[in-house]
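Remarks on the overall topology
The chain contents come next:
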Amino acid sequence: MQVTDLLTTDIPENGSKGFECNGEKYFAVKKQNQIYIYKNSCPHIGIALEWVEDQFLDSSCTMIQCANHGALFVIENGACVAGPCSGQKLKAIRFNVENDAIYLAI
Ligand code: FES
């Protein structure tokens, strides 16, 4: 388990937050008080998804969106359902929470 400097309280409800751990980029999404964490690497060409800091969701905040070419991903499982990497998935990261601190299983 790798400790991060991200607290569960740093992630807004229906929002997202980017962070780094061990020099790698990740992002977290909170939906209905549930947290999902993915590697910040689009399966299309392996670059970071966001153009604006901490903005990983579409305008309705119901899907993860890659700012580069508009791919849309399901928040709960990272599956790409539209765009150039349709059928592929974001890499989901398992994690633990202790006293609001987030530890990644990497
Ligand atoms: S890099 Fe994400 S859709 Fe192209």
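Residues numbered from 1 in each chain as written. Predicted model: local features only at pLDDT ≥ 70, side-chain atom pairs only at ≥ 80, totals over all residues. Heavy atoms only, no water.

Where an unreviewed UniProt entry is consulted, the chain appears under the name MFS transporter, with the organism given as Cellvibrio zantedeschiae.

**With respect to the sheet that holds strand β6 (residues 72-74)**
Read from one edge of the open sheet, 3 strands run β5-β6-β7, paired in antiparallel fashion. Bordering the open sheet on either side are β5 (63-65) and β7 (80-82), each of which pairs with just one other strand. Neighbour-to-neighbour, the strand axes of the sheet open up by a mean angle of 40 degrees, direction not taken into account. Here β5 runs beside β6; their pairing, made up of 3 bridges, is antiparallel. Along β6, the bridge assignment pairs Q65 with L72. (Pairing = 2+ DSSP bridges. Helix = DSSP H or I, 4+ residues; strand = E, 2+ residues; numbered from the N terminus. Axes fitted to C-alpha atoms, helices over the stretch in contact; angles between N-to-C directions.)

**A look at the environment of K89**
Summarising the element assignment, K89 is placed in the loop between β7 and β8 (95-98). Sequence-wise, K89 and G78 are 11 residues apart; in three dimensions their C-alpha atoms are separated by 5.3 Å. In this view, K89 contacts P43, N77, G78 and A79; residues no more than four positions away in its chain are not counted. (Contact = heavy atoms within 4.5 Å.)

**Quick notes on the pairing of β8**
Where β8 and strand β9 (residues 101-104) come together, 4 bridges link them in antiparallel fashion. Along β9, the bridge assignment pairs E98 with A101. Where β8 folds back onto β9 in an antiparallel hairpin, the turn is made up of 2 residues, including N99, whose phi is positive at roughly 50 degrees.

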